[in-house]
Amino acid sequence: PCSPGAFHQDPNPNEPQASKDKAELRNYTEGKLLDRVYNTYLQMHTHQTVDFVRRKSAEYGGCSLRRMSAMQALELLDQLVDESDPDVDFPNSLHAYQTAEGIRRAHPDKDWFHLVGLLHDLGKVLVLFGEPQWAVVGDTFPVGCKVQKSVVFHDSTFHNNPDTRDPRYNTECGMYQPHCGLENVLMSWGHDEYMYRVMKFNNFALPKEAFYMIRFHSFYPWHAHGDYKHLCNEEDLRMLPWVKELNKFDLYTKQEELPDVRELQGYYQALIDKYCPGELCW
């Protein structure tokens, strides 16, 4: 695998500029899509338990359901609008190109990072395999320990989740040791963990930063709000700037003008051929 190169957070003229004011993004108190978003999280926070996550992990972890290329998976996302996202009401495939192009402008020398932008949400094909959106999209959180305050709608959506009443799972650390590392934590099941499994199973030739960014990019309570630090180890803290960097482009490239996919496909197909070619197991 290639080396990721140095990570710099210098001011960059190619920083993404949000089409909305930053304060308007990820607004979970008002907006035309709020009912749809709230209901997705209500279902998620009711049904995502330790048992549920273990079941889904076993079901999908073997990547034995179907075979298709990365580009075919991306084209499937033409059919998907994410019902947990208060900022976007267009297909997820377009958001993939927006994110990738934002990263490409700011990090022209890191082609592997451009590909991460394109692939970061590919795990959402789970919806098209028949999974409900609440088991695929949205912010992730650790199951098996107490829910922290920055989890979206934390105070109004967990009342019917049995784990919140289980003494094994409802303390600060729950079933974990302090600073055990996020790789040892069971996250709510969704597109992050699934895509990470697909990347590992198919031996994507990407640096470990790429695997990590995709695995935890939806863990907003941690990377955006600083919660769950008591579960993190030094490796997690070393990776945090990379996750934040991806997040910047994931969030702030959701512009109204949509990319011309036909024009961009050749460049990204070449990256797929370089790092994750051919038919993949899903």
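In the annotation of an unreviewed UniProt entry, the protein chain is listed under the name Inositol oxygenase and assigned to Phasianus colchicus. UniProt, in its Catalytic activity (unreviewed entry) section for the protein chain, records the words "myo-inositol + O2 = D-glucuronate + H2O + H(+)". Regarding the protein chain, the relevant UniProt record gives this comment under Subcellular location (unreviewed entry): "Cytoplasm".

Quick notes on the overall build of the protein chain
The helix and strand inventory of the protein chain stands at eleven helices and two strands. Here the protein chain, with 282 residues, has 57% of them falling under the buried criterion. Within the protein chain, contacts between residues separated by at least 24 positions form 82% of all contacts whose residues are at least 6 apart in sequence. As presented, the protein chain carries roughly 12,400 Å² of accessible surface, and 49% of it is formed by carbon and sulfur atoms.

Here's the deal with the pattern of salt bridges
Side chains that differ in charge, positive against negative, can pair when their charged atoms come close. Applying the stated criterion across every chain, the model contains 15 salt bridges. Between Lys110 and Asp109 there is a salt bridge, with the nearest N and O atoms lying 3.8 Å from each other. Lys110 sits in the buried class, given a relative accessible area of 9%. Lys274 is the partner of Asp111 in a salt bridge, and the nearest nitrogen-oxygen pair spans 2.8 Å. In this pair, Asp111 sits in helix 5 (residues 111-119) while Lys274 sits in helix 11 (residues 261-275), placing the two residues 163 residues apart along the sequence. Linked through salt bridges whose partners overlap, the residues forming this network are Lys208, Glu209, Glu235 and Arg238.

Some details on the UniProt feature "binding site: Fe cation" (unreviewed entry) in the protein chain
When the UniProt feature table is mapped to this numbering, "binding site: Fe cation" (unreviewed entry) covers His95, His120, Asp121, His191, His217 and Asp250. Structurally, His95 can be placed in helix 4 (residues 92-106). Topologically, His191 is positioned in helix 7 (residues 191-201). A polar side-chain atom of His191 sits 3.2 Å from a polar atom in the side chain of Asp192.

Examining the packing of aromatic side chains
Applying the stated criterion to the full structure yields 18 aromatic pairs. An angle of 80° between the planes, with centres 5.8 Å apart, marks the rings of Tyr97 and Tyr268 as edge-to-face. You can see Tyr97 sitting in helix 4 and its partner Tyr268 sitting in helix 11, a full 171 residues away along the chain. In this pair, the class of Tyr97 matches that of Tyr268, namely buried. Cation over ring: Arg104 sits above Tyr267, and NZ or CZ is 3.7 Å from the ring centre.

Description of the environment of Thr140
With respect to the helices and strands, Thr140 occurs in the loop between helix 6 (125-128) and helix 7. Along the chain, Thr140 and Glu193 lie 53 residues apart, while their C-alpha atoms are 9.6 Å from each other. A distance of 3.3 Å separates the side chain of Thr140 from the backbone nitrogen of Phe219, its partner in a polar contact.

Notes on the UniProt feature "binding site: substrate" (unreviewed entry) in the protein chain
UniProt annotation of "binding site: substrate" (unreviewed entry) refers to Arg26, Asp82, Glu83, Ser84, Lys124, Gly138, Asp139, His217 and Ser218 when read in the numbering used here. Tracing the backbone shows Ser218 in the loop between helix 8 (208-216) and helix 9 (220-223). Among residues more than four places away in sequence, those in contact with Ser218 are Gly138, Asp139, Thr140, His191, Asp192 and His223.

So, the packing of helix 5 against helix 10 (residues 234-252)
The axes of two packed helices give the description: the angle between them and the distance between them. Helix 10 packs onto helix 5 with a crossing angle of 60° between their chain directions and a minimal axis gap of 11 Å. Taken together, the axes of helix 5 and helix 10 lie oblique to each other. Taken as a pair, helix 5 and helix 10 cross one another with a handedness that is right-handed. On the side of helix 5, the interface is formed by Trp112, Phe113, Val116 and Gly117, while helix 10 contributes Trp242, Glu245 and Leu246. A class-by-class count of the residues in the contact of helix 5 with helix 10 yields five nonpolar, one polar and one charged.

Digging into the packing of helix 4 against helix 5
Here helix 4 crosses helix 5 at 160°, and the two axes come no closer than 7 Å. Judged on the interaxial angle alone, helix 5 and helix 4 are roughly antiparallel. Like other packed secondary-structure pairs, helix 4 and helix 5 cross with a definite hand, here right-handed. Mapping the contact onto sequence places Ala96, Tyr97, Thr99, Ala100, Ile103 and Arg104 in helix 4 and Phe113, His114, Gly117 and Leu118 in helix 5.

What counts as what
- Residues numbered from 1 in each chain as written.
- Predicted model: local features only at pLDDT ≥ 70, side-chain atom pairs only at ≥ 80, totals over all residues.
- Heavy atoms only, no water.
- UniProt positions renumbered as here; feature names shortened; annotations may be inferred.
- Helix = DSSP H or I, 4+ residues; strand = E, 2+ residues; numbered from the N terminus.
- Buried < 20%, exposed > 50% of the residue type's maximum accessible area, 1.4 Å probe, protein only.
- Contact = heavy atoms within 4.5 Å.
- Areas by Shrake-Rupley, 256 points an atom, 1.4 Å probe, with all protein chains shown as cover.
- Salt bridge = Lys/Arg side-chain N within 4 Å of Asp/Glu carboxyl O.
- Polar contact = N/O pair within 3.5 Å; in protein donor to acceptor, adjacent residues only side chain to side chain.
- Phe/Tyr/Trp six-rings, centres within 6.5 Å; stacked < 30°, edge-to-face > 60°.
- Lys NZ or Arg CZ within 6 Å of the ring centre and 35° of its normal.
- Axes fitted to C-alpha atoms, helices over the stretch in contact; angles between N-to-C directions.
- Parallel < 35°, antiparallel > 145°, perpendicular 65-115°, else oblique.
- Left-handed = near helix turned anticlockwise from the far one by under 90°.
- Nonpolar A, V, L, I, M, F, W, Y, C, P; charged D, E, K, R; others polar.

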